[in-house]
Amino acid sequence: MKKTLLTILLAMTLGKGYAQQIAVGTDVATDVLMIPSIGAEMTVGNRTTLALNVTGTHNPWGHKIKMLGVQPEYRYYVSGRTMHKLFVGIGAVAAFYDATIKRKVYDGIAYGGGLTFGYVINLTKRLNIDIHSGFAAVRYNRKEYYAGDNYNSDYIINGLNKTNATGYYLMPTRMGVSITYILK
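It is worth spelling out the layout of surface pockets at this point. In this model, the largest pocket occupies a volume close to 1,000 Å³. Lining the largest pocket are 34 residues, with Ile-35, Met-67, Ala-95, Met-171 and Pro-172 positioned closest to its centre. For the lining of the largest pocket, the elements supplying multiple residues, two or more each, are α2 (28-32), β3 (48-58), β4 (65-77), β5 (85-101), β6 (104-122), β7 (127-146) and β10 (165-182). Among the residues making up the lining of the largest pocket, the classes are represented as 22 nonpolar, eight polar and four charged.

The next point concerns empty space enclosed by the protein. Summed over all chains, the structure comprises three cavities of 30 Å³ or more. Here the largest cavity defines a volume of roughly 180 Å³. In terms of lining, the largest cavity is formed by 19 residues, of which the most central are Gly-39, Ala-40, Asn-53, Arg-174 and Thr-180. A total of five residues in the lining of the largest cavity trace back to one element, the largest contributor, which is strand β1 (residues 22-27).

This brings us to the packing of aromatic side chains. One pass over the full model with this rule turns up two aromatic pairs. Here Tyr-77 and Phe-87 contribute two aromatic rings whose centre-to-centre distance is 5.4 Å and whose plane-to-plane angle is 50°, an arrangement assigned as tilted. Taken as a pair, Tyr-77 in strand β4 and Phe-87 in strand β5 lie far apart in primary sequence, 10 residues in all. With respect to burial, Tyr-77 and Phe-87 carry one shared label: buried. Ring geometry for Tyr-140 against Tyr-169: centres 5.0 Å apart, planes inclined by 25°, an arrangement best described as stacked. Of this pair, Tyr-140 sits in strand β7 while Tyr-169 sits in strand β10, and the two are 29 residues apart along the sequence. By relative accessible area, which is 12% here, Tyr-140 ends up buried. Residue Tyr-169 is classed as partly exposed on the basis of its relative accessible area, which comes to 41%. Over the ring of Phe-87 we find Arg-75, and its NZ or CZ is 4.0 Å from the ring centre.

Per-residue pLDDT for the chain averages 85, and the proportion of residues at 70 or more is 82%. Of all helices and strands in the chain, the one with the weakest mean pLDDT is helix α1 (residues 2-14) (51), whereas β4 scores best (95). Taken together, the stretch residues 13-18 has pLDDT below 50 and engages in seven contacts with residues farther than four places along the chain or on a different chain.

Moving on, we get to the environment of Gly-118. Counting through the fold element by element, Gly-118 comes out in strand β6. Residue Gly-118 is classed as buried on the basis of its relative accessible area, which comes to 10%. Not counting the four nearest positions on each side in its chain, Gly-118 is found in contact with Lys-85, Leu-86, Phe-87, Ile-131 and His-132.

Moving on: the nonpolar core. In this structure, Val-93, Tyr-97, Ala-110, Ala-136, Val-138, Tyr-140 and Ala-165 together form the largest nonpolar core, which totals seven residues. A per-element tally of this core places β7 first, with three residues. Filtering out sequence-adjacent residues up to four positions away, Ala-165 remains in contact with Tyr-140, Asn-141, Arg-142 and Glu-144. Core analysis: the second largest hydrophobic core is formed by six residues, Ala-23, Met-83, Phe-87 and Val-120 among them.

The rules behind the values
- Residue numbering note: each chain is counted from 1, following its sequence as written.
- Since the coordinates come from a predicted model, pLDDT governs what is reported: local features require at least 70, and pairs of side-chain atoms require 80 or more to be given and counted, while whole-chain, interface and lining totals use all residues.
- Excluding hydrogens and water, the side-chain values take into account all heavy atoms of the structure.
- Space inside and on the surface of the protein is sampled on a 1 Å grid over the protein atoms alone, with a cavity defined as a set of points where a 1.4 Å probe fits but cannot get out and a pocket as an open set with protein on both sides within 12 Å along at least 5 of 7 lines; lining residues have an atom within 4 Å of a point.
- Grid points are joined across faces, edges and corners, and a volume is the space filled by probe spheres set on the points.
- Here a strand is any run of E in DSSP of at least two residues, a helix any run of H or I of at least four, and the numbering for each starts at the N terminus.
- Nonpolar residues are Ala, Val, Leu, Ile, Met, Phe, Trp, Tyr, Cys and Pro. Charged residues are Asp, Glu, Lys and Arg, and all others, Gly as well, are polar.
- Pairing of aromatic rings covers Phe, Tyr and the six-membered ring of Trp, with a centre-to-centre limit of 6.5 Å; geometry is then stacked below 30 degrees between planes, edge-to-face above 60, and tilted otherwise.
- The classification of residues rests on relative accessible area computed with a 1.4 Å probe and restricted to protein chains. Under 20% of the type maximum is buried, over 50% is exposed, and intermediate values are partly exposed.
- By definition here, charges over rings are those cases where NZ of Lys or CZ of Arg is within 6 Å of the ring centre and within 35 degrees of the ring normal.
- Every residue is assigned a pLDDT by the predictor, reflecting its confidence on a scale from 0 to 100.
- In what follows, a contact means two residues having at least one pair of non-hydrogen atoms within 4.5 Å.
- Think of a nonpolar core as a cluster: buried Ala, Val, Leu, Ile, Met, Phe, Trp, Tyr and Cys residues, connected wherever their side-chain atoms sit within 4.5 Å.

Below you can see the structure in the form of structure tokens.
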């Protein structure tokens, strides 16, 4: 996982510069939900970009929730120009979370990959609105127990504190509206 993320970050910085555009932005939809995000997108070809979005939260809405997630993505722009009009993306998702919902604790990691579809509206030469939606197959490994349980003593297997819930979800990812600013 760490090697994959490092490879993507290196590719973003060492990529061959065509009409080297770099944009930064935030997803307004998640920001309104008190789950702040920040992202960067860099041109790597005539029609392609690499993007990395990071999102996280700590106790939003007064609930006990902590989450940190990253989503690298490779985008292909159908219009023939990067950061303009219709695009299709393929990406990965990874998240660490610890949430208590209705007295049940979910503490673990999730990772997977999927597709994103979107449309970029150019407001000015440097300011864009990026409308996107996607889905991913996500695997999770987590400790799942009730808040009153003593997980540290009740769920030890061979002397190790192990996850007791694993599985897959097909779930929506990267649904939102981002405002991006092209730096160069």
